[in-house]
Amino acid sequence: QVQLVESGGGLVQAEGSLRLSCAASGLVFRLKAMGWYRQAPGKQRELVASIAKDGNTNYADSVTGRFTISRDNSKTAVYLQMNNLKPGDTAVYYCAAAGPGSVDLGVRNYWGQGTQVTVSS
């Protein structure tokens, strides 16, 4: 059974930092792309950052230069370092892993339960 457990969310002032962590189990972690998505109230879920099995990363334009995604295959964990946070970053952040039979993120992702990030102005 695949489990993705996020931690590290919370309330922070604008220009502050947070580090999200996601502990993965039940999958061959080193073969899976991993990512962080977010969903703000009234908006669709969007991909914030992804990291492929070979370590290549991609970021949404809105977070480029402020957020950094990383992975530790030995700990089967993925992280999202968020710096210079803005009120517009307020959302529930979800950890995702490539779904069954896949190496890339897509419509069949495994999902964590989400962690709330709130940035006050």
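A few points on the structure. (Residues numbered from 1 in each chain as written. Predicted model: local features only at pLDDT ≥ 70, side-chain atom pairs only at ≥ 80, totals over all residues. Heavy atoms only, no water.)

1. Regarding the side chain of Thr115
Spelled out, the test is: Numbered from the N terminus, helices here are DSSP runs of H or I no shorter than four residues, and strands are runs of E no shorter than two. Between N or O atoms, a polar contact is any pair within 3.5 Å; within protein, one atom must be a potential hydrogen donor and the other a potential acceptor, and residues adjacent in sequence are included only when both atoms are from side chains. Whether two residues are in contact is decided by their heavy atoms: any pair within 4.5 Å suffices.
You can see Thr115 is positioned in strand S11 (residues 115-120). In terms of polar contacts, Thr115 uses its side chain to reach the backbone amide nitrogen of Gly9, at 3.4 Å. Setting aside residues up to four positions removed in sequence, Thr115 forms contacts with Glu6, Gly9, Leu20, Ala91, Val92 and Tyr93.

2. Re the sheet that holds strand S1 (residues 3-7)
We apply this condition: Here, a strand pair is defined by DSSP locating no fewer than two bridges between the strands. Only C-alpha atoms enter the line fits that serve as axes; for helices the fit covers just the stretch in contact. Angles between N-to-C directions range over 0 to 180 degrees.
Taking strand neighbours across the sheet as the criterion, the four strands line up as S1-S3-S8-S7 in an open arrangement whose pairing is antiparallel. Every interior strand has two partners, whereas the edge strands, S1 and strand S7 (67-72), have only one. On average, adjacent strands in this sheet sit at an angle of 15° to one another, irrespective of strand direction. Relative to strand S8 (residues 77-82), S7 runs antiparallel, the two sharing six bridges. Counted as the bridge partner of Arg71 is Val78 from S8.

3. Quick notes on the environment of Trp36
Residue position: Trp36 is located in strand S4 (residues 34-39). For the pair formed by Trp36 and Tyr59, sequence separation is 23 residues and the distance between their alpha carbons is 9.6 Å.

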